[in-house]
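Fold and contact review
Here is how the chains run, residue by residue.
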Amino acid sequence: VNGVLTELNLAHNSIDDTGAEALASALRVNGVLTTLDLTGNNIRDEGAAAIAEALRGNEVLTDLNLWGNGIGDEGAKAIGEALAVNGVLTNLVLWENNIGDEGAKALASALRVNGVLKELDL
């Protein structure tokens, strides 16, 4: 278990849903990583849902960048559900994904109860 690394940039590393699921497992036990950049990694709804599940219990990650991955409405819904209970994430980047009306509605709904997210980039 990592006890030192606070920022991890894995942008453009061909991480797909399987890789996202592995990262999600690590996030569940993470006690120090505050910034994770997964820009442009072909993460779709399944991978986004795994990361979202990890966010539910993660108490240290403040910045998450999922820009340009192909996440759709189902992934956005999972992230929205996680945001509703996550009390530490302050910056979330979801720009250049495939999030439509339903996903945007789920994210907006989460923002009604999330009091810590300061920046959401769609």
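Here, every reference points to the structure presented above.
1. Quick look at the overall build of the protein chain
Counting secondary structure elements, the protein chain contains four helices and five strands. Start at the N end of the protein chain and walk to the C end: the helices and strands fall as β-α-β-α-β-α-β-α-β. For the protein chain, the C-alpha radius of gyration of 13 Å lies close to 14 Å, the compact-globule estimate for 122 residues. Taking the principal axes of the C-alpha coordinates as reference, the protein chain spans close to 40 × 30 × 20 Å. As displayed, the protein chain offers around 6,000 Å² of accessible surface, 49% of which is attributable to carbon and sulfur atoms. Looking at charge distribution, the protein chain has the averaged site of its 7 positive side-chain charges lying 7 Å from that of its 18 negative ones.

2. So, the packing of helix H2 (residues 45-57) against helix H3 (residues 73-83)
Think of two packed helices as two axes; the pair is described by the angle between the axes and how far apart they sit. Here H2 crosses H3 at 0°, and the two axes come no closer than 8 Å. Considered as vectors, H2 and H3 are oriented roughly parallel to each other. Residues Asp45, Ala48, Ala49, Ala52, Leu55 and Arg56 of H2 form the contact with H3, whose participating residues are Asp73, Glu74, Gly75, Ala78, Ile79, Glu81 and Ala82. Partitioned by chemical class, the residues of the contact of H2 with H3 number seven nonpolar, one polar and five charged.

3. Here's the deal with the packing of aromatic side chains
Evaluated as defined, the whole model comprises one aromatic pair. On the basis of an interplanar angle of 25° and a centroid distance of 5.4 Å, the ring pair of Trp67 and Trp95 is categorised as stacked. Of this pair, Trp67 sits in the loop between strand E3 (63-65) and H3 while Trp95 sits in the loop between strand E4 (91-93) and helix H4 (101-111), and the two are 28 residues apart along the sequence.

4. Points about the sheet that holds E4
Here we have five strands laid out as an open sheet, ordered E1-E2-E3-E4-E5, and parallel in their pairing. If you trace the sheet from one side to the other, it starts and ends with strand E1 (7-9) and strand E5 (119-121), each paired once. Between one strand axis and the next, the sheet turns through 0° on average, direction left out of account. Of the pairings in the sheet, the one linking strand E2 (residues 35-37) to E3 comprises three bridges and is parallel in character. By the bridge assignment for E3, Thr35 is matched with Asp63.

Procedures and definitions
Residues numbered from 1 in each chain as written. Predicted model: local features only at pLDDT ≥ 70, side-chain atom pairs only at ≥ 80, totals over all residues. Heavy atoms only, no water. Helix = DSSP H or I, 4+ residues; strand = E, 2+ residues; numbered from the N terminus. Rg over C-alpha atoms; globule rule 2.2 N^0.38 Å. Areas by Shrake-Rupley, 256 points an atom, 1.4 Å probe, with all protein chains shown as cover. Lys, Arg positive; Asp, Glu negative; His and termini not counted. Charge placed at Lys NZ, Arg CZ, Asp CG, Glu CD. Axes fitted to C-alpha atoms, helices over the stretch in contact; angles between N-to-C directions. Parallel < 35°, antiparallel > 145°, perpendicular 65-115°, else oblique. Contact = heavy atoms within 4.5 Å. Nonpolar A, V, L, I, M, F, W, Y, C, P; charged D, E, K, R; others polar. Phe/Tyr/Trp six-rings, centres within 6.5 Å; stacked < 30°, edge-to-face > 60°. Pairing = 2+ DSSP bridges.

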